[in-house]
Amino acid sequence: MNKFYDIIYHTHNTYDGPVKEATFAFLVAPYQDALQTVSNVTYTNSLGEEGYQFRNPFGFPVKCIHSTKGFTEFEFSMTAQVEKKPNLFISNGQLSVEQEQEILSSPKTLIDHHLYLEFSHYTTINPSFFDRVLFRPEGQTIFNFLQGLNGHIYKMLKFDPEPTHVHTTVNEVLQLGRGVCQDYVHMFIAMARLNKIPCRYVSGYLNQGGELVGSAVMHAWVEAYLPQQGWFGFDPTNNLLTDVNYIKAAHGSDYSDCSPIKGVLKTSGGNKTVYGVKVIPVPMEENSQQ
Amino acid sequence: MLARIGNSLFWLGRYIERSEHLARYAKVQYASFMDSPLAPSKEFVLESILNMGGMYQSYLSQYPELSEDEVIHYVTIAENNAFSVQANIGYMRENARGARDRISSELWEAINIFYHDINNYSASRLQYEGVHQFSHKVEVNSSIIKGCIDNTLIRNEAWILISLGIHLERAIQVALIMLNKVYDIEKLDASNLGGPVESYQWAIMLKSAESFDMYKRYHPEKKSSYSELNFLLFNQDFPKSLAYNLQKVQGNIRKIAFRDQRNSDSIEFKAGKIASQFQYLTMDEVEGSLTGFLNETVANLNNLAALLEQKYLCF
Amino acid sequence: MGVGSIQNNSAEVFGNYELKPEFLDEVFSDERKPNDHYRKVLDYFAHLSAQDFKALNDHTKLSFFNQGVTFAVYSDKAKGVERIFPYDLFPRIIPAAEWARLEKGLIQRNLAINHFIHDIYNKKQILRDGKVPAELIFSSKNYTKAMLGVKPVGGIYNHISGTDLIKHSDGQYYVLEDNVRVPSGISYVLANREAMKRTLFNLFRKFQVRTVQDYTQQLLSIMHSVAPEGAETPTCVLLTPGLYNSAYFEHAFLAMDMGIHLVEGRDLFVDKNFLFMKTIYGPHRVDVVYRRVDDDFLDPLLFNPDSVLGVAGLMAAYREGNVTLLNAPGTGAADDKAVYSYVPDMIRYYLNEEPILNNVHTYRCEIDADYKYVIENMHNLVIKPVDESGGYGILVGSKATQEEISNFKDVIRQNRRKYIAQPIMALTRHPTFIENENQFEPRHIDLRAYTLLGKDKQFVLKGGLSRVALTKGSLIVNSSQGGGSKDTWVLAE
């Protein structure tokens, strides 16, 4: 059954010193694809700048604002409407384990998906931690393995926003045993790639539960590649498979390809950011058809 | 032309004049003490030199007393003085280097050779050769550089901005020379006022602005502070006078033709206002409140420079 | 043992000139007779005494210094220390036929590299066909995902390349290295020619030497050829990291000679996906950027966020096709010394031709068989890190102590992908005036040649930077470590 949402992303930044010149880039709009129909994407900002857009290397639209107005405060928001179709049912597909592995280790896969197989500082696990890595047992299908990995990471880590930050690497997370969705995702990616499964970082919005509305933050999950079937979503933070409650904004190799807000500023002193996200399910009309 | 380059060229002009005037002032004051019975005390002279560079306080915060060698060293080549003649020449060269592609090779070489020469000036050489030799070197090279500016640069924005910097800074420096001398004279014993000791100071003022010869030729008969100040303030034809230089400033701003409404906020308007003051004011009108008038002029010129930078030379 | 057959004053400066059988001398044959095209030079020099040479040398140094033809060496941290790029009076002469072959080889090689760069950021066909290992390319730290799918104007990525060549004792040229990121040194080539004309004009005019002064004109024309469509008179700029960059002199020199703006990151901004520069009259659109800033510092929005040398949003503007960058970002993936060993394969694959210029045989420590060979033969090899330049991090096996070799083995073992090894080439030697000795002595020499690629045009500079290793016996000629240079004459006939 299709679900409808209003998505709101909002940020409020304050700066110690005046900002003489600034360029902001926002990667926050829900993405139009086979499962998501996006409409009425609107951007507003407190400087009254029109801004412009470009497509990032992964093809996602980025809203960019350049200003020389001089300011100490900046507010920005994005609103959009999304209609989500449910995923097709995915499971083990038609291939045997040997056939799956053959495809995964083929040069074609290695080349086509190299961005999602390589390791960065975020996703390189120190060999000393390899005893905590889940390696696919021989004879297990990829889908089953990934489901197992999902649970493995969910159990391994405790959700805690305190100790980690935007630059935290998987080795640090392994030591802390705690983290936020970004950390869960990097962990999943790191392990899946050690098992040669192409895997990408996804940034987007999660409908928190039922018809509840509440301020939240953006969410992160994983898309892994199943040979012959394509990309499918896993959410290690909640040990779930993605469904109609997950609204995708962008994907990339790791967090650095997906950061929702980037800014280059000419200023001195520090800044404070307050941001919030609303995912509002829109109730269906009483007599609309599915 | 890039705003940043425009800024460099403007400041190149300013630093040329600034280093030249500071060097000459030190030389002239020091010589004044050496060769005349009318000369004031050594402390008087050293203080005057430090005041001209705005370094009196900073000098005293680092040295216990006014010693001849220390003061001369401080003003000319001390490494711990960000406003020394040597430092100014360094800034001049840095600005030239930043705008290298906009100036001629001849000008660049002249600046570079000068810079390396002064940069390697040792304390012992300064002691041996004296401030006179040092300043003379600065003045001569300054002339060569200005000669290159005059003879090798096409009259485009680069030349206009350098010229603007030169004339603006010269006006400020001459005004500062006058202010310093008024201040110095006020420090003289009351008994010396109105007599040859005071006249000697006014002559020093003219020499500091390299205008003594021309003044004597222009006013062979007179010798009064009134006409000397008048010469430096209002003479339309003498290249060191404020009136002359402010005309140049106004003219250069017009030539740049910055896109701006001709309203009272514009650069052109403000420059014109100051220049025309000097066109039509007379010495009579300012004599009574000379210090105030000079201070106001310096402030206006600094504001003009700030406005210019903020609007067109900002990056 | 000296070159006895040269008389007159030459005995003074050539008297002790030593020839060694294992090294080819470019000027003297092994019977101590001058090679044909150098005869006139030696005749001319015969009239000059050691004092004369010293005077000429000093005069040139001063001239360079006053002009600001200087550079800063990275390891010197002292304030205001500028070094003159040492210049030697004895010109290096390349006969026309020899050059013609070099030129063809250079164009061929650089076109192939250009095809390669396009391929690895688009279809990746050469990788799919297994001609170059995919892993090698993707693991390069210069492989830039922001370049995926980009279609630069004219299909050119590698607009400016500096190919480093040596001549071996077999008389053949070998390519030592390809430099396709931000190759430098051209200003010294032009300054050397100027110096030659000022000091030894009477010698210079005895030969028909092809000009090098056309370089900047050609470069400008290349820049125009790759301007985005719709830009009628394209605005071109040269982006420099600034005054304190060691190659600043060159940036300023080139910008001036081409008549284009020399800009820094802070002079530029991107809005609406177009690049603008801040002029005294307001923003002005920029179409082509010759950037002398490394990839990582180009765009703080995408790459190193702390960089103040670049412009936020520049890559987006580039990808939209609204501005052209020379060289394209990401060319470093072809610049890597490990990739170098596949260039002859690239020539065959993309151009269907046999390579005209030779590669030096290269062992890649990443490969087990090669690694074994390297470890067993270190004393006969030169071992280099794939990603450093300026001659740093190199071990010359024949000159190293047992301890140095042993330590280096450890270093390699810890990061095999980072190291390659090549047999020690017997670089040719060329008479160089050694100040302290007041005479000419043979020194090892190489050549950096400059090739320009534009939309439907190619140009090779008729000349180049001949670099000599000033330290006696040293084989490392790269400028950052105290090498010197010579004016290089390509003869018209």
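Residues numbered from 1 in each chain as written. Chains lettered and ligands numbered in written order. Predicted model: local features only at pLDDT ≥ 70, side-chain atom pairs only at ≥ 80, totals over all residues. Heavy atoms only, no water.

## What about the overall build of chain A?
Logical step 1: Looking only at helices and strands, chain A has 5 helices and 16 strands in total.
Logical step 2: Relative to a compact globule of 290 residues, whose C-alpha radius of gyration would be 19 Å, chain A shows 20 Å and is just as compact.
Logical step 3: Based on the C-alpha atoms only, the size of chain A along its principal axes is roughly 60 × 55 × 35 Å.
Logical step 4: Expressed as a percentage of the 290 residues in chain A, the buried residues total 51%.
Logical step 5: Of the contacts made within chain A by residues no fewer than 6 positions apart, 76% connect residues no fewer than 24 positions apart. (Helix = DSSP H or I, 4+ residues; strand = E, 2+ residues; numbered from the N terminus. Rg over C-alpha atoms; globule rule 2.2 N^0.38 Å. Buried < 20%, exposed > 50% of the residue type's maximum accessible area, 1.4 Å probe, protein only. Contact = heavy atoms within 4.5 Å.)

## Examining the interface of chain B and chain C
Logical step 1: If you look at the interface, chain B gives 27 residues, while chain C gives 23 residues.
Logical step 2: Across the chain B/chain C interface, buried area totals approximately 2400 Å², and carbon plus sulfur atoms make up 51% of it.
Logical step 3: Taken together, chain B and chain C are joined by 2 salt bridges.
Logical step 4: Here chain B and chain C share 10 residue pairs in polar contact (both at pLDDT 80 or more) between them.
Logical step 5: For the side of chain B that touches chain C, the secondary structure elements donating two or more residues are helix H1 (3-34), helix H5 (85-98), helix H6 (105-119) and helix H8 (157-187) of chain B.
Logical step 6: The leading source of residues in the side of chain B that touches chain C is H6(B), at 5 residues.
Logical step 7: Of the residues that constitute the side of chain B that touches chain C, the class distribution is 13 nonpolar, 4 polar and 10 charged. (Buried area = accessible area lost by both parts, 1.4 Å probe. Salt bridge = Lys/Arg side-chain N within 4 Å of Asp/Glu carboxyl O. Polar contact = N/O pair within 3.5 Å; in protein donor to acceptor, adjacent residues only side chain to side chain. Nonpolar A, V, L, I, M, F, W, Y, C, P; charged D, E, K, R; others polar.)

## What about unusual backbone geometry?
Logical step 1: Going from C:Leu326 to C:Asn327, the amide bond is cis rather than trans, its omega being -20°.
Logical step 2: Relative to the assigned elements, C:Asn327 resides in the loop between strand E12 (324-326) and helix H12 (337-340).
Logical step 3: Positive phi, close to 55°, is recorded for A:Asn40, a residue that is not glycine.
Logical step 4: Within the element layout of this structure, A:Asn40 appears in strand E3 (residues 36-45).
Logical step 5: Of note in this structure, A:Gln228 is not a glycine but carries a positive phi near 75°.
Logical step 6: Within the element layout of this structure, A:Gln228 appears in the loop between strand E11 (219-226) and strand E12 (230-235).

## Some thoughts on the sheet that holds strand E17 (residues 419-423) of chain C
All names here are of chain C.
Logical step 1: Sheet architecture is open: 4 strands sit in the order E14-E17-E15-E16, paired in antiparallel fashion. If you trace the sheet from one side to the other, it starts and ends with strand E14 (363-364) and strand E16 (395-396), each paired once.
Logical step 2: Inspection of the sheet shows strand E15 (residues 381-385) paired to E17 by 5 bridges, in the antiparallel sense. Across the sheet, Ile 383 pairs through a bridge with Ala 421, a residue of E17. (Pairing = 2+ DSSP bridges.)

## Quick word on the nonpolar core
Logical step 1: Counting 173 residues, the largest nonpolar core has B:Leu9, B:Leu233 and C:Phe116 as the members making the most contacts within it.
Logical step 2: For this core, the leading source of residues is H8(B), giving 17 residues.
Logical step 3: B:Leu233 has contacts with B:Met178, B:Ser241, B:Leu242, B:Ala243, B:Phe278, B:Met283, B:Val286, B:Leu290, B:Phe293 and B:Leu294, leaving out every residue within four places of it along the chain.
Logical step 4: Formed by 66 residues, the second largest nonpolar core is a distinct cluster that contains C:Val69, C:Leu89, C:Tyr290 and C:Phe459. (Core = buried A, V, L, I, M, F, W, Y, C linked by side-chain atoms within 4.5 Å.)

## Here's the deal with the pattern of salt bridges
Logical step 1: Applying the stated criterion across every chain, the model contains 60 salt bridges over all chains.
Logical step 2: A salt bridge links A:Arg200 to A:Glu223; the nearest nitrogen and oxygen atoms lie 2.8 Å apart. Linking A:Arg200 in strand E9 (residues 199-206) with A:Glu223 in strand E11, this pair joins segments that are 23 residues apart in sequence. Here the two residues A:Arg200 and A:Glu223 agree in accessibility, since each one is buried.
Logical step 3: Of the charged contacts in the structure, one is a salt bridge between C:Arg292 and C:Glu250, with a shortest N-O distance of 2.9 Å. Taken together, the residues C:Arg292 in the loop between strand E11 (288-291) and helix H11 (314-319) and C:Glu250 in helix H10 (residues 248-258) connect sequence positions 42 residues apart.
Logical step 4: Through salt bridges with shared partners, a single network forms among B:Glu17, B:Glu20, B:Arg24, B:Lys27, B:Glu139, B:Lys146, B:Arg170, B:Glu210 and B:Lys240.

## A closer look at the confidence of the model for chain C
All names here are of chain C.
Logical step 1: Residues with a pLDDT of 70 or more make up 92% of chain C, whose mean pLDDT is 88.
Logical step 2: Element-level mean pLDDT values for chain C span from 67 in strand E1 (residues 70-71) up to 98 in E11.
Logical step 3: Of the regions scoring below 50 in pLDDT, residues 1-7 engages in 21 contacts with residues more than four places distant in sequence or in other chains.
Logical step 4: Low pLDDT, under 50, characterises residues 74-79; the stretch is placed with 4 contacts to residues that sit more than four places away or in other chains.
Logical step 5: Across the interfaces of the predicted complex, the ipTM metric reaches 0.91, alongside a pTM of 0.86. (pLDDT = per-residue confidence, 0-100.)

## What to know about the pairing of strand E6 (residues 71-84) of chain A
Logical step 1: Taken together, the 13 bridges between strand E1 (residues 3-19) of chain A and E6(A) define a ladder with antiparallel strand orientation. Bridge assignment links A:Tyr5 to a residue of E6(A), and that residue is A:Val82.

## Side note on the sheet that holds strand E15 (residues 261-266) of chain A
Residues and elements named next belong to chain A.
Logical step 1: The 4 strands lie next to each other as E4-E5-E2-E15, forming an open sheet whose pairing is antiparallel. Because the sheet does not close on itself, it has two edges, and the strands there are strand E4 (52-55) and E15. Adjacent strand axes in the sheet meet at a mean angle of 20°, parallel and antiparallel pairs treated alike.
Logical step 2: Sheet topology places strand E2 (residues 21-26) next to strand E5 (residues 61-67); 5 bridges connect them, and they run antiparallel. Its bridge partner being in E5, Ala 22 is matched across the sheet by Ser 67. (Axes fitted to C-alpha atoms, helices over the stretch in contact; angles between N-to-C directions.)

## Quick notes on a negative patch on the surface
Logical step 1: Residues B:Glu43, B:Glu65, B:Asp69 and B:Glu70 make up a contiguous surface patch of negative charge.
Logical step 2: Mapped onto the secondary structure, B:Asp69 falls in helix H4 (residues 68-76). (Patch = residues over 30% accessible without salt bridge, like charges linked within 9 Å, V, L, I, M, F, W, Y side chains within 5 Å. Areas by Shrake-Rupley, 256 points an atom, 1.4 Å probe, with all protein chains shown as cover. Lys, Arg positive; Asp, Glu negative; His and termini not counted. Charge placed at Lys NZ, Arg CZ, Asp CG, Glu CD.)

## Overview of helix H5 (residues 181-194) of chain A
All names here are of chain A.
Logical step 1: With 14 residues, H5 extends 20 Å from end C-alpha to end C-alpha; this agrees with the ideal 20 Å at 1.5 Å per step.
Logical step 2: By the criterion of burial, H5 is predominantly enclosed, with 13 of the 14 residues buried.
Logical step 3: A positive backbone phi angle near 65° is found at Lys 196, which sits one or two residues after H5. (Expected span 1.5 Å × (residues − 1).)

## A word on the packing of aromatic side chains
Residues and elements named next belong to chain C.
Logical step 1: Per the stated rule, a full pass over the model turns up 62 aromatic pairs over all chains.
Logical step 2: Arranged with centres 4.5 Å apart and planes meeting at 20°, the rings of Tyr 363 and Tyr 373 form a pair that is stacked. In this pair, Tyr 363 sits in strand E14 while Tyr 373 sits in helix H14 (residues 368-376), placing the two residues 10 residues apart along the sequence.
Logical step 3: Judged by relative accessible area, which is 35%, Tyr 373 ranks as partly exposed.
Logical step 4: Three or more aromatic residues joined by ring pairs form one cluster here, namely Phe 14, Tyr 17, Phe 28, Tyr 38, Tyr 44, Phe 45, Phe 53, Phe 90, Phe 433 and Phe 440.
Logical step 5: Positioned above the aromatic ring of Phe 207 is the side chain of Lys 40, whose terminal nitrogen or guanidinium carbon lies 4.9 Å from the ring centre. (Phe/Tyr/Trp six-rings, centres within 6.5 Å; stacked < 30°, edge-to-face > 60°. Lys NZ or Arg CZ within 6 Å of the ring centre and 35° of its normal.)

## So, the environment of C:Arg364
All names here are of chain C.
Logical step 1: Here Arg 364 shows up in strand E14.
Logical step 2: The class for Arg 364 is buried, based on a relative accessible area of 6%.
Logical step 3: With 178 residues separating them along the chain, Arg 364 and Ile 186 place their C-alpha atoms 31 Å apart.
Logical step 4: When near neighbours in sequence (up to four residues on either side) are disregarded, Arg 364 contacts Pro 133, Leu 136, Ala 338, Ser 341, Tyr 342, Asp 370, Tyr 371, Tyr 419 and Ile 420.

## Focus on the side chain of C:Asn327
Residues and elements named next belong to chain C.
Logical step 1: A relative accessible area of 1% means that Asn 327 is categorised as buried.
Logical step 2: Of note is the side chain of Asn 327, whose polar atom sits 3.2 Å from the backbone nitrogen of His 159.
Logical step 3: Ignoring any residue separated from it by four or fewer positions in sequence, one finds Asn 327 in contact with Tyr 157, Asn 158, His 159, Ile 160, Val 180, Arg 181, Pro 183 and Arg 291.

## Focus: H14(C)
Residue and element names in this part refer to chain C.
Logical step 1: All of the buried residues along H14 are Asp 370, Tyr 371 and Val 374. Looking down the long axis of H14, one finds its buried residues gathered within 100° of arc, a one-sided arrangement. Among the exposed residues of H14, those pointing more than 90 degrees away from its buried face are Asp 368, Ala 369 and Lys 372.
Logical step 2: Next to the buried residues of H14 lie E14, E15, helix H15 (402-414) and E17. (Arc of directions from axis to C-beta.)

## Digging into the packing of H1(B) against helix H9 (residues 196-208) of chain B
Residues and elements named next belong to chain B.
Logical step 1: As a packed pair, H1 and H9 sit with axes 9 Å apart at the nearest point and diverge in direction by 150°. Relative to H9, the element H1 lies roughly antiparallel. Considering the relative orientation of H1 and H9, their crossing is right-handed. Along its contact with H1, which presents Arg 24, Tyr 25, Val 28, Gln 29 and Ser 32, the element H9 presents Tyr 200, Ile 204, Lys 207 and Ser 208.
Logical step 2: Class assignment of the residues belonging to the contact of H1 with H9 gives a composition of 4 nonpolar, 3 polar and 2 charged. (Parallel < 35°, antiparallel > 145°, perpendicular 65-115°, else oblique. Left-handed = near helix turned anticlockwise from the far one by under 90°.)

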